[in-house]
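Listed here are the chains, written in short residue letters.
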Amino acid sequence: MFGKVLIANRGEIALRVHRACQEMGIRTVAVHSTADATAMHVRLADESVCIGPPNARDSYLNTAAILSAATITGADAVHPGYGFLSENARFAEMVEAHGLKFIGPSPDHIRMMGDKIAAKDAMRRLDVPLVPGSPGALESLEEARAVADQIKYPVLIKAAAGGGGRGMKVARSADELEEAWRVARTEAKSAFGDDSVYMEKYLDRPRHIELQVLADTHGNVVHFGERDCSLQRRHQKLVEEAGSPVLSAADREALGARVTSALAKLGYRNAGTLEFLWQDGQFAFIEMNTRLQVEHPVTEMVCGIDLVKEQIRIAAGEPLGYGQGDIRFAGHAIECRITAEDPETFAPSPGRVNTYHAPGGLGVRVDSALYSGYTVPPHYDSLVAKLVVHAPSRPEAIGRMRRALSEMVVAGIRTTLPLHQAVMDDPEFQSGEYTIHWLERFVAGRQG
Ligand code: ADP
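Note that this is a predicted model, so its numbers are computed, not measured. (Residues numbered from 1 in each chain as written. Predicted model: local features only at pLDDT ≥ 70, side-chain atom pairs only at ≥ 80, totals over all residues. Heavy atoms only, no water.)

1. Details of the overall build of the chain
Using the following cut-off: Numbering goes from the N terminus for both helices and strands, where a helix is a DSSP run of H or I of at least four residues and a strand is a run of E of at least two. Throughout, radius of gyration means the C-alpha value; the globule benchmark is 2.2 Å times the number of residues raised to the power 0.38. Each residue is placed in one exposure class: buried if its accessible area under a 1.4 Å probe, protein chains only, is under 20% of its type's maximum, exposed if it is over 50%, and partly exposed if it falls in between.
Counting its secondary structure elements, the chain contains 15 helices and 20 strands. Relative to the globule expectation of 22 Å for 448 residues, the C-alpha radius of gyration of the chain, 21 Å, shows essentially globular dimensions. Along the first, second and third principal axes, the C-alpha atoms of the chain reach 60 × 50 × 45 Å. Counting the 448 residues in the chain, one finds 58% classified as buried.

2. Side note on the pairing of strand 14 (residues 332–339)
Our working definition: Any two strands between which DSSP finds at least two bridges are classified as paired.
With 8 of its 8 residues buried, strand 14 lies for the most part within the structure. By the alternation rule, side chains of strand 14 split into H332, I334, C336 and I338 and A333, E335, R337 and T339, which are all buried. When strand 14 meets strand 19 (residues 383–391), the two strands line up antiparallel, connected through 8 bridges. Residue pairing in the sheet places C336 in a bridge with L387 of strand 19.

3. Quick look at the UniProt feature "domain: Biotin carboxylation" (unreviewed entry) in the chain
This is how it is decided: UniProt positions are given in the numbering used here, feature names are shortened, and annotations may be inferred rather than shown by experiment.
According to UniProt, the "domain: Biotin carboxylation" (unreviewed entry) feature falls on residues 1–444. Segment residues 1–444 splits into 35% helix and 27% strand. End C-alpha atoms: 50 Å apart.

4. A short note on the packing of helix 12 (residues 394–407) against helix 13 (residues 417–425)
For any two helices packed against each other, one specifies the inter-axial angle together with the distance between the axes. What counts, and what does not: Lines are fitted to the C-alpha atoms to define the axes, a helix being fitted only along its stretch in contact, and any angle between axes, read from their N-to-C directions, falls within 0 to 180 degrees. The scheme is simple: roughly parallel for angles under 35 degrees, roughly antiparallel for over 145, roughly perpendicular for 65 to 115, oblique for anything else. Should the near helix be turned anticlockwise from the far one by less than a right angle, the crossing is left-handed, and should it be turned clockwise, the crossing is right-handed. Contacts: residue pairs with any heavy atoms within 4.5 Å of one another. Here the term charged refers only to Asp, Glu, Lys and Arg, the term nonpolar to Ala, Val, Leu, Ile, Met, Phe, Trp, Tyr, Cys and Pro, and the term polar to all other amino acids, Gly among them.
Packing of helix 12 against helix 13 brings their axes to within 10 Å, and their N-to-C directions diverge by 155°. When the axes of helix 12 and helix 13 are compared, the pair comes out roughly antiparallel. Judged by the sense of rotation from one axis to the other, the crossing of helix 12 with helix 13 is left-handed. On the side of helix 12, the interface is formed by I398, M401, R402, L405 and S406, while helix 13 contributes L417, H420, Q421, M424 and D425. Tallied by class, the residues present in the contact of helix 12 with helix 13 amount to 5 nonpolar, 3 polar and 2 charged.

5. Focus on the site of the ligand
We count it as follows: Throughout this document, a residue counts as near a molecule or strand when at least one of its heavy atoms sits within 4 Å of that molecule or strand. Any pair of N or O atoms that falls within 3.5 Å is considered a polar contact. Within protein, one atom must be able to donate a hydrogen and the other to accept it, and sequence-neighbouring residues count only if both atoms are side-chain atoms. Exposure was quantified through the Shrake-Rupley algorithm and a 1.4 Å probe, taking into account, for residues, occlusion by the shown protein chains and nothing else.
Among the 20 residues in the neighbourhood of the ligand, the closest are listed as G165, K201, H208, Q232 and E287. Here a nitrogen atom of the ligand sits 3.0 Å away from a polar atom, N or O, in the main chain of L203. Within the contact set of the ligand, an oxygen atom lies 2.7 Å away from a side-chain nitrogen or oxygen of H208. Relative to its unbound accessible surface of 540 Å², the ligand loses 96% to contact with the protein. Contributions of two or more residues to the shell around the ligand are made by strand 6 (155–163), strand 8 (197–201), strand 12 (270–279) and strand 13 (282–289).

6. Some details on the domain arrangement of the chain
Where we set the bar: Each domain's limits were defined by an automated method or a database of domain assignments. The buried area of a pairing is the accessible area, by a 1.4 Å probe, that goes missing from both parts when the two are put together, added over both.
The domain architecture assigned to the chain consists of domain 1 (4–103), domain 2 (132–201) and domain 3 (207–447). Spacing between the C-alpha centres of domain 1 and domain 3 amounts to 23 Å. In this complex, domain 1 contributes 35 residues to the contact, which on the side of domain 3 involves 30 residues. Taken together, both faces of the contact between domain 1 and domain 3 bury some 2400 Å²; the carbon and sulfur share is 60%.

7. Re the pairing of strand 8
Buried residues dominate strand 8, accounting for 4 of its 5 residues. Relative to strand 8, strand 6 is paired through 5 bridges, and the arrangement is antiparallel. Across the sheet, L156 pairs through a bridge with E200, a residue of strand 8.

8. Some points on the packing of helix 1 (residues 11–23) against helix 11 (residues 307–315)
Viewed as axis vectors pointing N to C, helix 1 and helix 11 meet at an angle of 65°, and their least axial separation amounts to 9 Å. The orientation of helix 1 relative to helix 11 falls into the category roughly perpendicular. Judged by the twist between their axes, the crossing of helix 1 over helix 11 is right-handed. Contacts between helix 1 and helix 11 involve R16, V17, A20, C21 and E23 from the first element and L307, V308, K309 and I312 from the second. Residues that form the contact of helix 1 with helix 11 fall into these classes: 6 nonpolar, no polar and 3 charged.

9. Re the packing of aromatic side chains
Heads up, the rule is: Each pair of aromatic rings taken from Phe, Tyr and Trp, with Trp reduced to its six-membered ring, is defined by centres within 6.5 Å and is described as stacked if the planes are under 30 degrees apart, edge-to-face if over 60, and tilted in the remaining cases.
Here the structure, examined in full by the defined rule, presents 10 aromatic pairs. Considering the side-chain rings of Y60 and Y380, the 5.5 Å spacing of their centres and the 85° angle between planes classify their relative orientation as edge-to-face. Pair noted here: Y60 is in the loop between strand 3 (47–52) and helix 3 (63–73) and Y380 is in the loop between strand 18 (375–376) and strand 19, with a separation of 320 residues, a long-range link. The exposure classification of Y60 matches that of Y380, with both residues buried.

10. Some remarks on the pattern of salt bridges
The test is simple: Salt-bridge detection follows one rule: a side-chain nitrogen of Lys or Arg within 4 Å of a carboxyl oxygen of Asp or Glu.
Scanning the entire structure with this criterion turns up 36 salt bridges. Here R207 ties to D228 by a salt bridge, and the two come within 2.9 Å at their closest N and O atoms. Highlighted residues: R207 in strand 9 (residues 207–215) and D228 in strand 10 (residues 221–233), separated in sequence by 21 residues. For the pair shown, R207 and D228 are each scored as buried. Of the charged contacts in the structure, one is a salt bridge between R252 and E226, with a shortest N-O distance of 2.7 Å. In this pair, R252 sits in helix 9 (residues 249–266) while E226 sits in strand 10, placing the two residues 26 residues apart along the sequence. Take R252 and E226: they sit in the same class, and that class is buried. Salt bridges sharing partners connect three or more residues here, namely E210, R227, K237, E240, E275, E295 and R337.

Following this line, the structure appears as structure tokens:
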């Protein structure tokens, strides 16, 4: 097992990884920008190294500074968290070239899944069902027209290098295609430096359901069931549940069997998530994330597992030591992503948190790097806390989340706490009958 792990991230996820390491008796190295010198992940780590100025490009994305920090401190492995360098194949390669272990998949698999066209190609060959669309990248507007005529409108133009919902445009009819084509490519070019796009049928009422997988280096692949992440705004998740209110145990098993056999054939290792759209009882693959996800805690709560410890054990070469039959799903878990944003306009609201009080009690978990007196810097993602509850049933989990939200205090900045409270209070949310478009309308209703 590793003696020391460098955590190449910040905020709640750096803390999350630190906690797993501590419990395993592994020492931790935090890295931080000058804006994060007093951050909680720096305070709790065994050692810390400043890697640059506030701008993430010069600090949390500064591979040379991070690798120097790892070398100077004598770390054995690097955990990338999510975001930043977590899906950067070149970074994973450089970590390994420095004689350190990268706690994640192989650079080849990161690269393959990072290109959404290559990812869909791989899944097609492995018999995983896909959303109908273009066979590969669209070379011209004429080709886009031909594919759209074939799969029928509405269609979605998506960036091959996409992420965070950027570079994605709907065309509801032939009249809208040229504009969608142009805007998606421009957005893709500016966000990812790559304007390749592809096309998918735009599903009008799907749910976003994803499957958590772990694979060791000895050929064992297991899944930990699904997460329903249909509550989204601008294609970004706000609330996640495990399990999905609409999936039966048989559906879960069938999808799980298909996915684990596909990943075994691929020789995949470490943690991964396959994202699907689910409509009319059919699953269609959209992308695979080759890293730990923000919403991983809901899976941990229902399965009683620590996914970060598993990632570390796998990277150290240990076998899983259990099989699919040993994995049980107990009760229901919900996560609310609490961000430093206005709950109605979503305008960013960084600044000083005068008072922070985390809720507690049975089945309540808070993953956050906040503390009273902390100043949320304006330079990074606005996520400040993940409030997670676990209860025997979905109605009880909702009751617990309402109670926990009412206890939580983040004073001094605006947060999305009131929005989450409104969602939990809503009868439609409570019924479980929602699609990926539900939250957008709910938010518009509150604004209007
Ligand atoms: P990103 O990598 O940018 O997050 P994804 O492919 O994961 O992009 O899609 C993000 C979200 O966009 C999905 O969860 C879903 O809400 C929506 N979406 C993606 N593809 C489609 C589609 N073909 N039809 C309808 N909605 C889609």
